[in-house]
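Structural characterization, general
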Amino acid sequence: MLVSIALIMIVGLILGWLCKKVKLPSLIGMLITGIVLGPYILNVIDKSILAISADIRKMALIVILTRAGLSLDIAGLKRVGRPAVLMCFVPASFELLGMISIAPKLLGISVMEAAVMGAVLAAVSPAVVVPRMVKLMEEGYGTNEQIPQLILAGASVDDVYVIVLFTTFLGMIQGGEVSVVRFVNIPVSIILGIIIGVLAGWALSFLFKMIHMRDTVKIMIILSVSFLLVFLEDSLKTAVTFSALISIMFIGVAMQKYRKAVALRLQSKFNKLWVIAEIFLFVLVGATVDISYLKNVGIKAILVIIGALIFRMLGVFVCLLGTKLSSKERLFTMMAYTPKATVQAAIGGIPLSLGLGCGNIVLTVAILAIVITAPLGAFAIDSTYKRFLEQK
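Here the structure is a predicted model, which means the values were calculated and not measured.

**Some words on the overall build of the protein**
- Within the protein one finds 19 helices and zero strands.
- In summary, the protein has a C-alpha radius of gyration of 20 Å against a globular reference of 21 Å for 392 residues, a match within 12%.
- If you line up the protein on its principal axes, its C-alpha atoms span 50 × 50 × 50 Å.
- Counting the 392 residues in the protein, one finds 55% classified as buried.
- Distance between charge centroids for the protein: 5 Å, based on 34 positive and 19 negative side chains.

This is the structure:
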């Protein structure tokens, strides 16, 4: 196991660094690492690590959601107004609709399987988008119209919205029935998740104020609470539940409100923790990819991804109706909202691990979406922002 961990970190870091050198997201190198080291090529990753791969990926997802909550600018979201709120769910809903319309015809899957696949693909990637939007704000591009803030705020909630949909559709496909209660549970679970997260964040802020402790200990406590929330959600068998993932994000949001200075320090710590979590997330998801299966659905899967992205960009266009953005600024926002990576890596392998018939094809399309949209989206942002956006 120790040799496998060493290979995952060293090779993942090296290939990630090489990808950055040629202007590609480092996560592409990490995915390649997993594919090469995984059971379908070199088979050098210990089976005990692969057996707990799903839990490790969930831990990485918790890290990035906590990080997102600690950095989410609620005040900025309010300033941007209606478009920011719409960006949280409209583009993802359009993409999901596109997947349901296209995938059954091209890939021969059921509508419910297409919904699961659409929920996996519909999230935008913080790993690609967030650092680039921060760079734009630092350089003053698009800040007059608050375009980077719009994309950042929308992307943070977009991911959680999609994950809630994924959990709902997964429960429906396992139960074999379409229940109205499950759809009603979507907004209810979001609201309950926000309430529980804010209460937990307030309680932790009070604890950190009353008892002096190192930031490292605070991170351990926050992660422990987050793990318990996920366990509690999984254990509930009631018709109406809460979204643990939204709770986790709003722990960070609440800490910003009640202990701003502490939240800023913890955000920096979580950024460092994400360096390790990111490697394991993308390498282990790469290790689950069956290359032979990729050949069977390659071209059709690419067409499905392109079709769904067109629907997504149309959703972004709808969100921007009535704003003062120019046509170039709208086009930039539409392109910047397409990269996939983090959520797809975190949940793309879950249907396969649960033994669902669509598991292999969902994972394959998720990996293809990452490989296609992450570098193209990053390139589109980097090569157009100086021409499409005004500098402050």
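Okay, back to it.
**Re the nonpolar core**
- Leu27, Met117, Leu121, Met255, Phe282 and Ile370 are the most contacted members of the largest nonpolar core, which has 105 residues in total.
- The leading source of residues in this core is helix 14 (residues 260–287), at 14 residues.
- The contacts of Phe282, once residues within four sequence positions are left out, are Leu27, Met30, Leu31, Trp274, Ala341, Thr342 and Ala345.
- Listed in part, the 27 residues of the second largest apolar core include Cys319, Phe332, Tyr385 and Leu389.

**Looking at the pattern of salt bridges**
- As enumerated under the stated definition, the model contains six salt bridges in all.
- The salt bridge partner of Glu95 is Arg312, with a shortest N-O separation of 2.9 Å. Here Glu95, found in helix 7 (residues 90–107), pairs with Arg312, found in helix 15 (residues 291–319); they are 217 residues apart in sequence, far enough to count as distant. In terms of burial, Glu95 and Arg312 fall into one category: buried.
- Across the pair Lys218 and Asp215 runs a salt bridge whose closest N-O atoms are separated by 3.5 Å. Residue Lys218 and its partner Asp215 are located together in helix 12 (residues 215–235), separated by three residues, close to a single helical turn.

**Topic: helix 7**
- Compared with an ideal rise of 1.5 Å per residue, which puts 18 residues at 26 Å, helix 7 spans 25 Å between its outermost C-alpha atoms and is within 8% of the ideal.
- Considering bend angle alone, the principal kink of helix 7 is centred on Ser101 and spans about 25°; proline Pro104 follows within four residues of it.
- Along helix 7, the positions that sit buried rather than exposed are Val90, Pro91, Ala92, Glu95, Leu96, Gly98, Met99, Ile102, Ala103 and Leu107.
- Phi turns positive, to about 70°, at Gly108, one or two residues after helix 7.

**Quick word on the packing of helix 12 against helix 14**
- At a minimum axis distance of 10 Å, the contact between helix 12 and helix 14 shows a crossing angle of 75°. Between helix 12 and helix 14, the interaxial angle falls into the category roughly perpendicular. Every residue of helix 14 that contacts helix 12 at Asp215, Lys218, Ile219, Ile222 and Leu223 is listed here: Val262, Arg265, Leu266, Lys269, Phe270 and Leu273.
- Its residues placed into classes, the contact of helix 12 with helix 14 shows seven nonpolar, no polar and four charged.

**Quick notes on a positive patch on the surface**
- A cluster of like positive charges, contributed by Lys21, Lys23, Lys135 and Lys386, occupies part of the molecular surface.
- Tracing the chain through its elements places Lys135 in helix 9 (residues 126–139).
- Taking the relative accessible area as the measure of exposure, Lys135 reaches 35% and is therefore partly exposed.

**Side note on the packing of aromatic side chains**
- Enumeration according to the criterion identifies three aromatic pairs in this entry.
- Look at Phe89 and Tyr161: their rings are 6.2 Å apart centre to centre, the planes differ by 65°, and that puts the pair in the edge-to-face class. Note that Phe89 is positioned in the loop between helix 6 (82–87) and helix 7 and Tyr161 in helix 10 (residues 147–175), a separation of 72 residues in sequence.
- Taking the relative accessible area as the measure of exposure, Phe89 reaches 34% and is therefore partly exposed.
- Aromatic pair Tyr141 and Tyr385: ring centres 5.1 Å apart, planes at 85°, arrangement edge-to-face.

**Observations concerning the packing of helix 4 (residues 53–71) against helix 12**
- Contact geometry for helix 4 and helix 12: axes closest at 11 Å, N-to-C directions at 120°. As the angle between them shows, helix 4 and helix 12 are arranged oblique. Viewed along their axes, helix 4 and helix 12 form a crossing whose handedness is right-handed. Here Lys58, Met59, Ile62, Val63 and Thr66 of helix 4 lie close against helix 12, whose contacting residues are Ile222, Leu223, Ser226, Phe227, Val230 and Asp234.

Rules used in this analysis
- Residues numbered from 1 in each chain as written.
- Predicted model: local features only at pLDDT ≥ 70, side-chain atom pairs only at ≥ 80, totals over all residues.
- Heavy atoms only, no water.
- Helix = DSSP H or I, 4+ residues; strand = E, 2+ residues; numbered from the N terminus.
- Rg over C-alpha atoms; globule rule 2.2 N^0.38 Å.
- Buried < 20%, exposed > 50% of the residue type's maximum accessible area, 1.4 Å probe, protein only.
- Lys, Arg positive; Asp, Glu negative; His and termini not counted.
- Charge placed at Lys NZ, Arg CZ, Asp CG, Glu CD.
- Core = buried A, V, L, I, M, F, W, Y, C linked by side-chain atoms within 4.5 Å.
- Contact = heavy atoms within 4.5 Å.
- Salt bridge = Lys/Arg side-chain N within 4 Å of Asp/Glu carboxyl O.
- Expected span 1.5 Å × (residues − 1).
- Bend = angle between axes of the 7 residues up to and from the residue.
- Axes fitted to C-alpha atoms, helices over the stretch in contact; angles between N-to-C directions.
- Parallel < 35°, antiparallel > 145°, perpendicular 65-115°, else oblique.
- Nonpolar A, V, L, I, M, F, W, Y, C, P; charged D, E, K, R; others polar.
- Patch = residues over 30% accessible without salt bridge, like charges linked within 9 Å, V, L, I, M, F, W, Y side chains within 5 Å.
- Areas by Shrake-Rupley, 256 points an atom, 1.4 Å probe, with all protein chains shown as cover.
- Phe/Tyr/Trp six-rings, centres within 6.5 Å; stacked < 30°, edge-to-face > 60°.
- Left-handed = near helix turned anticlockwise from the far one by under 90°.

Geometric descriptors of this kind do not, in isolation, establish any biological role.
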